[in-house]
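# A look at the structure
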Amino acid sequence: MRTQRQVVDYSLRKRAVLRELLAGRVGTYDVCDASPYLKNAARFHGEATEERCPICRSENLTHVHYIYGDELKQSAGQARTLAELPVLAMTLREFQVFVVEVCLGCGWNHLVEQFLLGRDGLAGGVEDGSDQGAAGASAATAPGADPAVPRRREAQR
Ligand SMILES: [Zn+2]
């Protein structure tokens, strides 16, 4: 997604957990503890992956995207489908996404990554600002345009 930024990858931590498991320092009951809420979120809002569950190896993992941020109000903390995220990213200035992998077979779950989405990523995103087009240029993306100036001052108050 174009506005994705501040990505934190948790694959190292996941590998560490799997090592602990192999070494017998933690049991499967410790790591396969997906709550009913998480499993439901995976069923109804999850994104199927091609990746096998590292624990039971009989099911593919499902990715659940949780969204957090003040602008989301009562929706904060809810799961969203992957397809809904670009729409939200164009509507909101900034929100946090947490991606959790879940196995619906054995209940394995782990944080995959987190990142920020939202229009704020476009304002400073001059690096690849090639395809932003006229639609996004009306507000914060046009620093030279006169209408943008008073709007910005208002936003600072
Ligand atoms: Zn599993």
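Note that the structure is a prediction, hence the values are computed from the model and not measured.

Within the protein, the atoms that donate to the zinc ion are C53 (SG), C56 (SG), C103 (SG) and C106 (SG), at distances of 2.3 Å. In this structure, the zinc ion is coordinated by 4 donor atoms arranged in tetrahedral fashion, with angles at the metal of 106 to 117°. Of note, the zinc ion draws all its donor residues from one chain, in the sequence arrangement C-x2-C-x46-C-x2-C. Looking at C53, the relative accessible area reads 0%, which means it is buried. Residue C56 is classed as partly exposed on the basis of its relative accessible area, which comes to 29%.

I67, L72, L85, L88, A89, L92, F95, V97, V99, V112, F115 and L117 together form the largest nonpolar core, which totals 12 residues. Elements that contribute at least two residues to this core include exactly α4 (85-91), β5 (95-102) and β6 (109-117). Not counting residues within four places of it along the chain, the set of residues in contact with F115 comprises Q4, R5, Q6, V7, F95, Q96, V97 and V99. By size, the runner-up hydrophobic cluster in this structure holds 9 residues, among which are A34, A79, V100 and V102.

Our next topic: the packing of aromatic side chains. Going through the model one piece at a time under the given rule, you end up with 1 aromatic pair. Summarising the aromatic geometry, the rings of Y68 and F98 are spaced 5.5 Å apart at their centres and angled 85° between planes, so their arrangement reads as edge-to-face. On the criterion of sequence distance, the pair formed by Y68 in strand β3 (residues 60-68) and F98 in strand β5 is long-range, its members being 30 residues apart. On the basis of relative accessibility, which here comes to 37%, the residue Y68 falls in the partly exposed class. You can call F98 partly exposed: its relative accessible area is 23%.

Time to look at the pattern of salt bridges. Across all of its chains, the model carries 6 salt bridges by this definition. Here E94 makes a salt bridge to R5, at a shortest N to O gap of 3.5 Å. Within this pair, whereas E94 is found in the loop between α4 and β5, its partner R5 is found in strand β1 (residues 5-9), the two being separated by 89 residues in sequence. Here R5 falls in the buried class, since its relative accessible area comes to 17%. Two residues, R93 and D120, come together in a salt bridge whose shortest N-O distance is 3.4 Å. With a gap of 27 residues between them, R93 in the loop between α4 and β5 and D120 in helix α5 (residues 120-123) connect regions that are remote in the sequence. For D120, a relative accessible area of 30% translates into the label partly exposed. Through salt bridges with shared partners, one network takes in K14, E51 and E101.

The buried count for β6 comes to 7 of 9 residues, which makes it a mostly enclosed element. Pairing of β1 with β6 involves 3 bridges; the strand directions are antiparallel. Pairing of R5 across the sheet is with L116, part of β6. The pairing of β5 with β6 spans 8 bridges and is antiparallel. Counted as the bridge partner of V100 is L111 from β6. As consecutive antiparallel partners, β5 and β6 are separated by 6 residues, and within that stretch G107 has a phi angle of approximately 90°, a positive value.

Calculation rules
- Position labels on residues start from 1 in each chain and follow its written sequence.
- Given that this is a predicted model, residues contribute local features only at a pLDDT of at least 70 and side-chain atom pairs are listed and counted only at 80 or more, while totals for whole chains, interfaces and linings are drawn from all residues.
- Only heavy atoms go into the side-chain values, all of them from the structure, while hydrogens and water stay out.
- Each metal's donors comprise the N, O and S atoms found within 2.8 Å of it (within 3.2 Å for Na, K or Ca). Water is not part of the atom list, so some coordination spheres may appear incomplete.
- A four-donor site is called tetrahedral if each angle lies between 85 and 135 degrees; a four-donor site is square planar, and a six-donor site octahedral, when trans pairs exceed 155 degrees and the remaining angles lie between 65 and 115; all other cases are labelled irregular.
- We call a residue buried when its accessible area falls under 20% of the maximum for its residue type, exposed when it is over 50%, and partly exposed in between, using a 1.4 Å probe and counting protein chains only.
- Definition of nonpolar core: a set of buried residues of the types Ala, Val, Leu, Ile, Met, Phe, Trp, Tyr and Cys, connected through side-chain atoms within 4.5 Å.
- Under the DSSP-based scheme used, a helix requires at least four consecutive residues in state H or I and a strand at least two consecutive residues in state E, with every element numbered from the N terminus.
- The contact criterion used is simple: two residues touch if any of their non-hydrogen atoms lie within 4.5 Å.
- To pair, rings of Phe, Tyr and Trp, with the six-membered ring standing in for Trp, must have centres within 6.5 Å; the planes then decide the type, stacked if under 30 degrees apart, edge-to-face if over 60, and tilted in the middle.
- Counted as salt bridges are all cases of a side-chain nitrogen of Lys or Arg within 4 Å of a carboxyl oxygen of Asp or Glu.
- Strands pair, by our definition, only if DSSP identifies at least two bridges between them.

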